[in-house]
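Residue-level structural notes
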Amino acid sequence: MGTVYAIANQKGGVGKTTTAVNVGACIAEAGYATLLVDVDPQANATVGLGIPRDQRPGLYEVLSGEASSAEAIRQGSVPTLQVLPAGEGLAGANLELPRIEGFERLLRERLAPVRDRFEYVLLDCPPSLGPLTVSALVAADRVIVPVQTEYFALEGLAGLLDTLALVQRELNPRLTVSGMLLTMHDGRTRLGQDVEREVRAHFSDLVFATVIPRNVRIGEAPSHGLPVTHHDPNSAGAEAYFELAKEVAARD
Ligand code: ADP
Ligand code: MG
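Quick caveat: nothing in here was measured; it's all calculated off a predicted structure.

Rules behind the numbers
- Within each chain, residue numbers correspond to sequence positions counted from 1 in written order.
- Chain A is the first chain written and ligand 1 is the first ligand written, with later ones labelled in order.
- Confidence filtering applies because this is a predicted model: local features only for residues at pLDDT of at least 70, side-chain atom pairs given and counted only at 80 or more, and all residues used for totals across whole chains, interfaces and linings.
- Excluded from the side-chain calculations are hydrogens and water; all other atoms, namely the structure's heavy atoms, are used.
- Where helices and strands are cited, they refer to DSSP runs of H or I of at least four residues and of E of at least two residues respectively, numbered from the N terminus.
- As defined in this context, the radius of gyration uses C-alpha atoms, and a globule is described by 2.2 Å times the residue total to the power 0.38.
- Only protein chains enter the area calculation, which uses a 1.4 Å probe; residues under 20% of their type maximum are buried, those over 50% are exposed, and those in between are partly exposed.
- In what follows, a contact means two residues having at least one pair of non-hydrogen atoms within 4.5 Å.
- Here the accessible surface of atoms and residues is derived via Shrake-Rupley with a 1.4 Å probe, and residues count as covered only by protein chains that are part of the display.
- Using a 1 Å grid laid over the protein atoms alone, points where a 1.4 Å probe fits but cannot get out form a cavity; open sets with protein on both sides within 12 Å along at least 5 of 7 lines form a pocket; any residue with an atom within 4 Å of a point counts as lining.
- Grid points are joined across faces, edges and corners, and a volume is the space filled by probe spheres set on the points.
- Put simply, Ala, Val, Leu, Ile, Met, Phe, Trp, Tyr, Cys and Pro go in the nonpolar bin, Asp, Glu, Lys and Arg in the charged bin, and everything else, Gly too, in the polar bin.
- In these notes, residues near a molecule or strand are those with any non-hydrogen atom within 4 Å of it.
- Contacts described as polar in this section are N or O atom pairs within 3.5 Å, which, within protein, must combine one atom able to donate a hydrogen with one able to accept it, while residues neighboring in sequence count only if both atoms come from side chains.
- More than half of a molecule's atoms within 2 Å of the grid points is what it takes for that molecule to sit in a cavity or pocket.
- Residues enter patches when they are more than 30% accessible in relative terms and free of salt bridges; like-charged ones are connected within 9 Å and nonpolar ones (Val, Leu, Ile, Met, Phe, Trp, Tyr) within 5 Å.
- Between Lys or Arg on one side and Asp or Glu on the other, a salt bridge is scored when a side-chain nitrogen of the former is within 4 Å of a carboxyl oxygen of the latter.
- Pairing between strands requires that DSSP locate at least two bridges from one strand to the other.

**What about the overall build of the chain?**
The secondary structure content of the chain amounts to 12 helices and eight strands. Taking 252 residues into account, the globule formula puts the C-alpha radius of gyration at 18 Å, and the chain, at 17 Å, falls close to it. Considered along the principal axes of its C-alpha atoms, the chain spans approximately 50 × 40 × 30 Å. When the 252 residues of the chain are sorted by exposure, 54% land in the buried category. Restricting the contact set of the chain to residue pairs at least 6 apart, pairs at least 24 apart contribute 76%. Accessible area for the chain stands at about 10,700 Å²; split by element, carbon and sulfur atoms hold 52% of it.

**Some thoughts on the layout of surface pockets**
The computed volume of the largest pocket comes to approximately 470 Å³. What lines the largest pocket is a set of 28 residues, and nearest its centre among them are Gly15, Lys16, Thr17, Thr18 and Met184. At the level of elements, helix H1 (16-29), helix H2 (44-48), strand S7 (176-185), strand S8 (207-213) and helix H10 (216-220) are the ones that each hand at least two residues to the lining of the largest pocket. Per-class residue counts for the lining of the largest pocket are 13 nonpolar, 12 polar and three charged.

**A look at the environment of valine 37**
Note on placement: valine 37 falls in strand S2 (residues 34-38). For the pair formed by valine 37 and glycine 15, sequence separation is 22 residues and the distance between their alpha carbons is 16 Å. What valine 37 contacts, discounting residues up to four positions off in sequence, is Leu59, Leu84, Leu111, Val121, Leu122, Leu123 and Asp124.

**Some details on the site of ligand 1**
Gly13, Lys16, Thr17, Thr18 and Pro213 are the nearest of the 14 residues found near ligand 1. The backbone of glycine 15 places a nitrogen or oxygen atom 3.0 Å from an oxygen atom of ligand 1. One nitrogen or oxygen atom from the main chain of threonine 17 is found 2.9 Å from an oxygen atom belonging to ligand 1. Burial of ligand 1 by the protein amounts to 78% of the accessible area it has alone, namely 560 Å². Assessed atom by atom at 2 Å from the grid points, ligand 1 resides in the largest pocket. Secondary-structure elements contributing two or more residues to the shell around ligand 1 are H1, S8 and H10. When residues of the shell around ligand 1 are assigned to their parent elements, the largest contribution, three residues, is made by H1. Here the shell around ligand 1 is built from residues that sort into five nonpolar, seven polar and two charged.

**Some details on a nonpolar patch on the surface**
There is a patch of nonpolar side chains on the surface, built from Tyr151, Phe152 and Leu191 and spanning about 350 Å² of accessible area. Here leucine 191 falls in the partly exposed class, since its relative accessible area comes to 40%.

**Regarding the pattern of salt bridges**
For side chains of opposite charge, pairing can occur when their charged atoms come near one another. A complete count under the given rule lists 14 salt bridges for this structure. Residues arginine 56 and glutamate 66 are paired through a salt bridge, measuring 3.6 Å at the closest nitrogen-oxygen approach. Taken together, the positions of arginine 56 in the loop between H2 and helix H3 (59-64) and glutamate 66 in the loop between H3 and helix H4 (69-72) put the pair 10 residues apart, joining distant regions of the chain. Where salt bridges share partners, they join Arg56, Glu61 and Glu66 into one cluster.

**Thoughts on the pairing of strand S5 (residues 120-124)**
Taking burial as the measure, the five residues of S5 include five buried ones, the bulk of the element. Here S5 shows no split at all, with Tyr120, Leu122 and Asp124 on one side and Val121 and Leu123 on the other all buried. Pairing of strand S1 (residues 3-7) with S5, which is carried by five bridges, proceeds in the parallel orientation. If you follow valine 4 over to S5, its bridge partner there is valine 121. Taken together, the five bridges between S2 and S5 define a ladder with parallel strand orientation. Across the sheet, aspartate 38 pairs through a bridge with aspartate 124, a residue of S5.

Right, here's the structure in full:
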């Protein structure tokens, strides 16, 4: 059975989706059967892989039982990377899920029938610690936490780690942190250097050696419906994600 990774941080705009899409693309390119599940109602991973935002069935229909996960899985712009798109109604799921007894395990149960088909499953989480993120953490074996190297980087990490510990204790004892990933890094600035040093001092080995630089190609790739690894494979951004994928696989 493959490994399920949740890419999570309740902060928005820290590079979760970019990391899910690009690590997914690199692992798939390396020949592993890989599935990316878009757990964010904003559907940025879905669109970033060339699939329409309003795709049906999507994860919403899978969670509500209208479709099976096998029926909802699509081929995106990367030939070897399969995608389970968010689907139009997913925003409502944050309200509807808590009304369902044992909703925390629903995503895990719905993905169970397809898990054996994939060596890696990546769950792109929304920017909150709400029901969808909790469901993803219950479905996951490991968590990757992107951290933007900016002034408030460490703020909120304590809350996230508390949530991880709670999920581990109450719902999913297998859950471990794969690593924290420094993203959108500008190593030329004093601030960038300070934040990197602080995060490494605080979390030591938990932080991936690979750092994702701030890179224009990464920012423009989603508008082409492509990961940066396919939009411009020779860019600094693509190279960093290739390195990261190797590091993630080595820690698997
Ligand atoms: P999240 O999923 O955590 O909200 P995203 O991955 O969507 O964050 O990133 C937020 C924005 O920053 C997006 O527009 C994305 O294209 C851009 N971005 C992400 N990583 C980088 C990077 N390393 N360099 C430049 N832009 C980036
Ligand atoms: Mg996102």
